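# Fold and geometry: a report
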Amino acid sequence: MVGHIFEYNSAVHALKKYIDSGELGDIYYLDTARLSLGLFQRDSNVIWDLAPHDISILLYLLGKKPISVSAQGTPCVFENIFDVAYLNMVFPGKYPSLYSCKLA
């Protein structure tokens, strides 16, 4: 079970307010990176460990579900455990938004 704790973060709420107000204009592209956030997990890849939080934030901020999702990962530290991954999501709209995230 995922705890979507970042949906309750004041910075995320402030960003949602900016997006919803139109002050930022149309959102064409979002890019995030989670890098060097502690010890490498020996039993869980980064897509399962970290990506659910970023996905939750994006779904909340944009208020849409993606129309396309792709992910690519590779094991760099532990054999058979993806500890580096790239996730791309395309959201619908007049100008489809692309979300790109590097997880490591």
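Before any of the text, the structure's been laid out above.
The residue count restarts for each chain, going from 1 along the sequence in the order it is written. Local features in this predicted model are restricted to residues of pLDDT 70 or higher, and side-chain atom pairs are both shown and tallied only at a pLDDT of 80 or more, whereas totals for entire chains, interfaces and linings draw on every residue. To get the side-chain values, all heavy atoms of the structure are used, and hydrogens and water are removed first.

## A word on the nonpolar core
Nonpolar cores were defined as sets of buried Ala, Val, Leu, Ile, Met, Phe, Trp, Tyr and Cys residues, with membership established by side-chain atoms within 4.5 Å. The buried label applies to any residue whose accessible area, calculated with a 1.4 Å probe on protein chains only, is under 20% of its type's maximum; exposed applies above 50%, and partly exposed to all values in between. If you look at the biggest cluster of nonpolar residues, it comprises 11 residues: Val12, Ile19, Ile27, Ala51, Ile57, Leu58, Leu61, Leu62, Leu87, Met89 and Phe91. In this description a helix means any DSSP run of H or I spanning at least four residues, a strand means any run of E spanning at least two, and both kinds are numbered starting from the N terminus. At the level of elements, α1 (10–21), α3 (51–62) and β3 (84–91) are the ones that each hand at least two residues to this core. Examining the composition of this core, we find that 5 residues originate from one element, α3, more than from any other.

## Some points on the packing of α1 against α3
Here an angle of 0 to 180 degrees is reported between the N-to-C directions of two axes, which are lines fitted to C-alpha atoms, with helices fitted over the stretch in contact. It is at 9 Å that the axes of α1 and α3 come closest, and there the two elements cross at 35 degrees. α1 and α3 meet at a crossing whose hand is right-handed. Residue-level inspection shows Val12, His13, Leu15, Lys16, Ile19 and Asp20 of α1 in contact with α3, the latter providing Ile57, Tyr60 and Leu61. A breakdown of the residues in the contact of α1 with α3 according to their chemical character gives 6 nonpolar, 1 polar and 2 charged. For any pair of crossing helices, the crossing counts as left-handed if the nearer helix is rotated counterclockwise from the farther one by less than a right angle, and right-handed if it is rotated clockwise. Any pair of residues with heavy atoms lying within 4.5 Å of one another is described as a contacting pair. Under this grouping Gly is polar, as are all residues other than the nonpolar Ala, Val, Leu, Ile, Met, Phe, Trp, Tyr, Cys and Pro and the charged Asp, Glu, Lys and Arg.

## Thoughts on the side chain of aspartate 54
Examined against the element boundaries, aspartate 54 turns out to sit in helix α3. Pairs of N or O atoms within 3.5 Å make up the polar contacts considered here, provided that, within protein, one atom can donate a hydrogen while the other can accept it, and that residues adjacent in sequence are counted only when both atoms are side-chain atoms. Within the structure, aspartate 54 has its side chain in polar contact with the side chain of arginine 34 (distance 2.7 Å).

## Observations regarding a nonpolar patch on the surface
A surface patch of nonpolar side chains, about 270 Å² in accessible area, is lined by Leu15, Tyr18 and Leu24. Structurally, tyrosine 18 is set in helix α1. Relative accessible area serves as the criterion here: at 41%, tyrosine 18 is assigned to the partly exposed category. The patches reported here contain residues having more than 30% relative accessible area and no salt bridge. Joining distances are 9 Å for like charges and 5 Å for nonpolar side chains (Val, Leu, Ile, Met, Phe, Trp, Tyr). Under the convention used here, a 1.4 Å probe and the Shrake-Rupley method define accessible areas, while residue burial counts only the protein chains that appear. Any Lys or Arg side-chain nitrogen found within 4 Å of a carboxyl oxygen on Asp or Glu counts as a salt bridge.

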